[in-house]
Amino acid sequence: MIDRFVLPVGLIVAASAGSLAAQPYLGDVTRWTTQDALDPIPAGGVVFVGSSSIRRWEQLTRDFNDYRVVQRGFGGSQLEDLNFWVNELVLSYQPTAVVVWSGTNDLSSGEPAMEVFNDYLTFVGLVQAQQPNVEIFYLGVTPTPANDSTTIERDTANGLIEAETLTDPRQHYIDLPTPFYALNPPADPDFTALYVDPVHLNRAGYDLWTTIVRPAVEAVVPPNRVFTPNPLTLQPGEVLYFDFGPSNAQDGTPTVGPDANGNVWNNWVPAEGGVAINAGEHIGDLVDSTGANTDIGVVITGGFISNGLVNGGLTSPDPALLGDLAVATATQDYFYSEADDLNGGGNDDVPGGFMLTGLDPSFVYEFTFFGSRTLGSEVRETEYRVFGATEGVAVLQTTGPGLGNDGVYNGNDDSAAVISGIVPDEFGQVFVDLTLKRGLFAYINAMRVEVVPLAVAASPVDAVVDTGGTLSFSGEIVGSLPGISLRWERDGVPLVDDGRITGSTTSALTIANATVLDSGMYRLVATASGETVESGIAIGGVRLPGGDGSDFNNDGTVDTQDVIDFLQAVE
């Protein structure tokens, strides 16, 4: 066996160029490099690179949201594949650090520990020859339910690599195996509960990874993401539209603008139907509905597969049912995922997630997701979950017999999942995760993102108390306009704090020592920049001392209906 570590760098690069066409990962790498040219990634990030467990790590960018993460996982790869593509997948980003998960496929294919070790040495040599100050973190190969037969070689390879890292302050071994061994692999339920299949982790498994990997990285490389305000980002009341799906006549064409409503759309990069969209793929400079650049970007965090027209997208959307999302080129194609995070369930190889960058952390956003595929034999439901400084979730049935508005169409043609009140994290990022809740596939065809000027997030609820008790109401109004002022009204008249009434200009109102005169209809009103929104009405009732007719409708119960009947009687 040739020790590749001693080969000159120039020879390896030349060999790479000569055999480029034979590489099975050429398509994956080409998409990344093409997108990098169109949407350059700043130098100095942390590259996570390796095989499928890096590619499937959907929450990686959220787990490391204060780092500038570059996710470059290519499934089934071995260390020698990483060495082949080291220029494209590592060195081109001029990273501060690189985190490597590779070697498990090498061992499973029968490679001995020494060959894995030599391939690791080659990787270190290639990186340090051009960028000697890069911190290199190697994730020790863990046991899985499927790789018990490689235990001896695995432990040997891990031991050799760990010993090597002790000789160089720029190399670091992260001991993932020890906590996994502590769970008694390969069959202990506590161990198998971390896996979605015999090889790959589920979300709980990745959570364990994060508790080990993040502290190790942070001890050497402090968080390096800094929030820089985006002067072009969406402003209150502005909207962004996105069309997910392939870009060809057979599978689904891009949505060009303006559409019939005058809106301009964003589209994914040109792709064929049935093609995988991998974690780390990205586009930048999204435009708003007028076509103005927002400098907002989309990064795939968990892969999808693109599909559309020939496989049941909605080809004739009705504006009366879907409003501004009823654009045929946007609804006819889609991205889909099979991930349900269940062992023995769907195929989580394409987890289905993405993130938006360049948002404003002081704004509040509303996300609308449309998903549909017609199929008369199976009910399918998609969960959309949005993460930022706040979190929201909605479930949408996308597919099923007679699901359509007419009771005949076997797909979704009239509903969207709406998630309001989302505030980005402190770096202006929002993360979107799709999970299959029912059936075989989860879908996203189109997305609408709006910066909310003012909106009611929660209305007060009815309350009835005894005379002398305390009436309490709370509501929530969110928005991105500056200078929001709140006031509570009873029967349309603003309330004023007077010692008995407190919180009349806050989100929580309290009325102590309540009397019958405090009965009425309460609402929270917000005003900002000339806009006003009102919460729903809550009935406030005060019961008179017993036996005095407070059961206005004589139904044997004193409740808010008595208050409503009383108020209607005295109008």
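Report on the accompanying structure. Going along each chain's sequence as written, the residues are numbered from 1 onward. Two thresholds apply to this predicted model, a pLDDT of at least 70 for residue-level local features and 80 or more for giving and counting side-chain atom pairs, whereas whole-chain, interface and lining totals are computed over all residues. To obtain the side-chain values, all non-hydrogen atoms of the structure were included, while hydrogens and water were left out.

## Remarks on the sheet that holds strand β7 (residues 266-267)
Then, in step 1: Pairs of strands are assigned from DSSP output, requiring at least two bridges between the strands. Helix and strand assignments follow DSSP, with helices taken as H or I runs no shorter than four residues and strands as E runs no shorter than two, numbered in order from the N terminus. Strand order in the open sheet made by the five strands is β7-β6-β20-β14-β17, with mixed pairing throughout. Edge positions in the open sheet fall to β7 and β17 (417-422), since each of these has one partner strand only.
Then, in step 2: Bridge count for strand β14 (residues 365-370) against strand β20 (residues 446-451) is six bridges, and the pairing is antiparallel. Of the residues in β20, the one forming a bridge with Glu-366 is Glu-450.

## What to know about the side chain of Asn-202
Then, in step 1: Relative to the assigned elements, Asn-202 resides in the loop between α11 (189-192) and α12 (203-218).
Then, in step 2: Residue burial is assigned from relative accessible area. The probe radius is 1.4 Å, only protein chains are included, and a residue is buried under 20% of its type maximum, exposed over 50%, and partly exposed in between. With a relative accessible area of 10%, Asn-202 lands in the buried category.
Then, in step 3: Polar contacts, as counted here, are pairs of nitrogen or oxygen atoms within 3.5 Å of one another; within protein the pair requires one atom able to donate a hydrogen and one able to accept it, and residues that are adjacent in sequence qualify only if both atoms are side-chain atoms. A polar contact of 3.1 Å, which involves the side chain of Asn-202, links it to the backbone nitrogen of Ala-204.
Then, in step 4: Apart from residues lying up to four places away in sequence, Asn-202 is in contact with Ala-193, Leu-194, Tyr-195, Val-196 and Asp-341. Here, two residues are considered to be in contact whenever any of their heavy atoms come within 4.5 Å of each other.

## Notes on α12
Then, in step 1: Given a helix with a known number of residues, its expected span is that number minus one, times 1.5 Å. Taking 1.5 Å per residue, 16 residues should reach 22 Å; α12 reaches 21 Å between its end C-alpha atoms and fits that length.
Then, in step 2: Approximately 25 degrees is the largest bend angle found in α12, and it occurs at Thr-210.
Then, in step 3: The complete set of buried residues in α12 reads Gly-205, Tyr-206, Trp-209, Thr-210, Ile-212, Val-213, Arg-214 and Val-217.
Then, in step 4: Backbone nitrogen of Ala-204 and a side-chain oxygen of the N-cap are separated by 3.1 Å at the start of α12; the cap is Asn-202. One axis is fitted to the seven residues ending at the residue and one to the seven starting there. The bend at that residue is the angle between these axes.

## Details of the pairing of strand β29 (residues 520-528)
Then, in step 1: Two strands pair when backbone bridges link them, and strand β25 (residues 485-490) and β29 are joined in this way by six bridges, in the antiparallel orientation. Bridge pairing links Glu-489 to Arg-523 in β29.
Then, in step 2: Of the strand pairs in this sheet, β29 and strand β30 (residues 531-534) are connected by four bridges, and their pairing is antiparallel. Opposite Thr-527, over in β30, you have Thr-532 as the bridge partner.
Then, in step 3: Counting the residues between successive antiparallel strands, the hairpin from β29 to β30 contains two residues, one of them, Ser-529, with a positive phi of roughly 50 degrees.

## Some details on the layout of surface pockets
Summary: where empty space remains is shown by rolling a probe the size of a single water molecule over the atoms.
Then, in step 1: Put plainly, a pocket is an open set of points on a 1 Å grid over the protein atoms alone with protein on both sides within 12 Å along at least five of seven lines, a cavity is a set where a 1.4 Å probe fits but cannot get out, and a lining residue has an atom within 4 Å of a point. Grid points are joined across faces, edges and corners, and a volume is the space filled by probe spheres set on the points. In this model, the largest pocket occupies a volume close to 870 Å³.
Then, in step 2: The wall of the largest pocket is formed by 40 residues, among which Pro-42, Arg-225, Val-299, Thr-357 and Gly-358 lie closest to the centre.
Then, in step 3: Listing elements by their share of the lining of the largest pocket, those giving two or more residues are β2 (69-73), β9 (282-287), β10 (293-302) and β13 (353-357).
Then, in step 4: Ranked by the residues each element gives to the lining of the largest pocket, the list is headed by β10, at six residues.
Then, in step 5: Following the grouping adopted for this structure description, the nonpolar residues are Ala, Val, Leu, Ile, Met, Phe, Trp, Tyr, Cys and Pro, the charged ones are Asp, Glu, Lys and Arg, and the polar ones are all others, Gly among them. The residue inventory of the lining of the largest pocket, partitioned by class, reads 19 nonpolar, 15 polar and six charged.

## Some details on the sheet that holds strand β23 (residues 471-474)
Then, in step 1: The three strands lie next to each other as β23-β28-β27, forming an open sheet whose pairing is antiparallel. Only two strands of the sheet have a single neighbouring strand rather than two, namely β23 and β27 (501-502).

## Looking at the nonpolar core
Then, in step 1: Of all hydrophobic cores here, the largest spans 36 residues; its most connected members are Trp-268, Phe-354, Phe-367, Phe-369, Ile-444 and Met-447.
Then, in step 2: Met-447 has contacts with Leu-240, Tyr-241, Phe-242, Phe-244, Phe-354, Leu-356, Phe-367, Thr-368 and Phe-369, leaving out every residue within four places of it along the chain. Buried residues of nine kinds, namely Ala, Val, Leu, Ile, Met, Phe, Trp, Tyr and Cys, make up a nonpolar core once their side-chain atoms join them within 4.5 Å.

## Describing the packing of aromatic side chains
Then, in step 1: Pairing of aromatic rings covers Phe, Tyr and Trp, the last through its six-membered ring, and needs centres within 6.5 Å; plane angles under 30 degrees mean stacked, over 60 mean edge-to-face, and all others mean tilted. One pass over the full model with this rule turns up 29 aromatic pairs.
Then, in step 2: Centroid distance Phe-242 to Phe-244: 4.6 Å. Interplanar angle 45 degrees. Geometry classified as tilted.
Then, in step 3: Phe-244 sits in the buried class, given a relative accessible area of 1%.
Then, in step 4: Between Phe-441 and Tyr-443, the ring centres sit 6.4 Å apart and the planes meet at 55 degrees, which makes this aromatic pair tilted.

## As for helix α8 (residues 113-130)
Then, in step 1: In this model α8 runs 27 Å from its N-terminal to its C-terminal C-alpha over 18 residues, within 8% of the 26 Å that 1.5 Å per residue would give.
Then, in step 2: When you tally the buried positions in α8, you get 13 out of 18 residues, the bulk of the element.

## Digging into the pattern of salt bridges
Then, in step 1: Criterion for a salt bridge: a side-chain nitrogen of Lys or Arg within 4 Å of a carboxyl oxygen of Asp or Glu. Summed over the entire model, instances satisfying the criterion amount to 22 salt bridges.
Then, in step 2: For Asp-36, the salt bridge goes to Arg-72, with nearest N and O atoms at 3.3 Å. Placement of Asp-36 in helix α2 (residues 26-38) and of Arg-72 in strand β2 is noted, with a sequence separation of 36 residues between them.
Then, in step 3: One salt bridge in this structure joins Asp-518 and Arg-490, with 3.5 Å as the shortest N-O distance. One end of the pair, Asp-518, is in the loop between β28 (508-511) and β29; the other, Arg-490, is in strand β25, with 28 residues separating them in the sequence. In terms of burial, Asp-518 and Arg-490 fall into one category: buried.

## Description of empty space enclosed by the protein
Then, in step 1: Applying the stated rule across the entire model yields three cavities of 30 Å³ or more.
Then, in step 2: Here the largest cavity is characterised by a volume of approximately 120 Å³.
Then, in step 3: As for the largest cavity, its lining consists of Arg-56, Glu-58, Gln-59, Val-196, Leu-201, Asn-202, Arg-203, Tyr-206, Ala-339, Asp-341, Asp-348 and Pro-351.
Then, in step 4: Of the residues contributing to the lining of the largest cavity, the split by class is five nonpolar, two polar and five charged.

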